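Overview (structure and organization)
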Amino acid sequence: MKRLIDKYELKKGILLSIAFPTIFLALDSNPSNLLSHFIFSFIITLCFWMVNIILIDFKNLKPTVTGKRPLYFYARVVASFILAIVIYIFLGLLLQRTGIILSPLRGNWGASFSSWFYLCMKIILFNSLIILIKYLFDINAEKRKIELENEVLKRENLNALHESLKQQVNPHFLFNSLNTLKSLTKRNPGQAVDYISELSSVYRYMLLHQDKKNVTLRDEIDFLKSYLYLLKIRFGD
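What you are looking at is a predicted structure, and each value in this text was computed from that prediction instead of being measured.

Conventions we followed
Residues numbered from 1 in each chain as written. Predicted model: local features only at pLDDT ≥ 70, side-chain atom pairs only at ≥ 80, totals over all residues. Heavy atoms only, no water. Salt bridge = Lys/Arg side-chain N within 4 Å of Asp/Glu carboxyl O. Buried < 20%, exposed > 50% of the residue type's maximum accessible area, 1.4 Å probe, protein only. Core = buried A, V, L, I, M, F, W, Y, C linked by side-chain atoms within 4.5 Å. Helix = DSSP H or I, 4+ residues; strand = E, 2+ residues; numbered from the N terminus. Contact = heavy atoms within 4.5 Å. Phe/Tyr/Trp six-rings, centres within 6.5 Å; stacked < 30°, edge-to-face > 60°.

1. Focus: the pattern of salt bridges
Applying the stated criterion across every chain, the model contains two salt bridges. The closest approach of N and O atoms between Lys12 and Glu9, which form a salt bridge, is 3.4 Å. Judged by its relative accessible area of 28%, Lys12 is partly exposed.

2. Regarding the nonpolar core
Grouped together as the largest cluster of nonpolar side chains are 26 residues, with contacts concentrated most on Phe20, Phe48, Ile56, Phe73, Tyr88, Ile123 and Ile130. Of all the secondary-structure elements, those providing two or more residues to this core are helix H2 (10-27), helix H3 (34-55), helix H4 (71-94) and helix H5 (113-187). Among the elements that make up this core, the one with the highest residue count is H4 (nine residues). Ile56 has contacts with Phe73, Arg76, Val77, Ser80, Ile131 and Lys134, leaving out every residue within four places of it along the chain.

3. Concerning the environment of Phe58
Inspection of the secondary structure puts Phe58 in the loop between H3 and H4. With 73 residues separating them along the chain, Phe58 and Ile131 place their C-alpha atoms 9.8 Å apart. What Phe58 contacts, discounting residues up to four positions off in sequence, is Phe73, Ile131, Lys134, Tyr135 and Asp138.

4. Details of the packing of aromatic side chains
The final tally for this structure, using the stated rule, is eight aromatic pairs. On the basis of an interplanar angle of 75 degrees and a centroid distance of 5.5 Å, the ring pair of Phe20 and Phe126 is categorised as edge-to-face. In this pair, Phe20 sits in helix H2 while Phe126 sits in helix H5, placing the two residues 106 residues apart along the sequence. For the residue pair Phe20 and Phe126, the accessibility class agrees, reading buried in each case. On the numbers, 5.7 Å between centres and 50 degrees between planes, the contact of Phe48 with Phe126 is tilted. Residue Phe48 is found in helix H3, and its partner Phe126 is found in helix H5; the two are separated by 78 residues along the sequence. Of the two residues, Phe48 and Phe126, both sit in the buried class. Taken together, the aromatic side chains of Phe58, Phe73, Tyr74 and Tyr135 make up a single cluster linked through ring pairs.

In structure tokens form, the structure reads like this:
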């Protein structure tokens with residue numbers, strides 16, 4: 001059920017199907033049969049939403065080589081308008097006794113071309129509004145998806161760069177530390193013992209935390225103290 005709701009974006013469709021009838025009825029200067037009008041408007045709006053969800057997808061729409069939208073997109077848009085008109089008239093015929101949906105044509109089905117024309121234009125305009133709202137939803141969703149993918153790529157690039165730097169720094173740091181230790185054992189053997197202790201602390205930290213993303217502040221401070229001690233011995237105070 002949840003997969004069906006997510007696939008057809010039923011939550012958005014139901015919200016629109018509630019919002020539009022509410023707005024239309026609120027603007028109606030002479031409301032009658034409010035509940036019936038609301039129910040019929042709800043059904044029509046939800047049907048239009050489902051048609052456009054199935055036929056039109058702005059999120060995965062890729063332009064052609066010339067930068068234009070593919071022809072099948074326009075064919076789907078035309079099909080959306082045709083189905084909207086068919087659905088509206090079908091519901092009107094189904095509920096013609098009430099006269100709520102097809103009231104302008106009631107009693108004059110074959111003679112009034114202008115009535116049919118204005119009815120179709122009203123359906124097309126309303127369906128265009130639904131398509132526009134879906135376009136805004138799809139563009140916003142695509143934007144959020146791209147931002148999320150960019151954040152993931154940035155994080156992966158930073159992790160790869162960090163690992164690359166670690167692989168480069170570790171051998172150089174070890175060689176430099178051993179050279180410093182070699183010269184220190186000749187000058188000051190007592191200090192060399194402290195140097196070995198701090199060097200072991202640095203490499204213990206690197207081995208224990210190399211695969212961890214989070215480190216405690218105490219461990220980080222202890223590491224920095226040991227690392228700074230090695231640098232002071234190497235380069236002097």
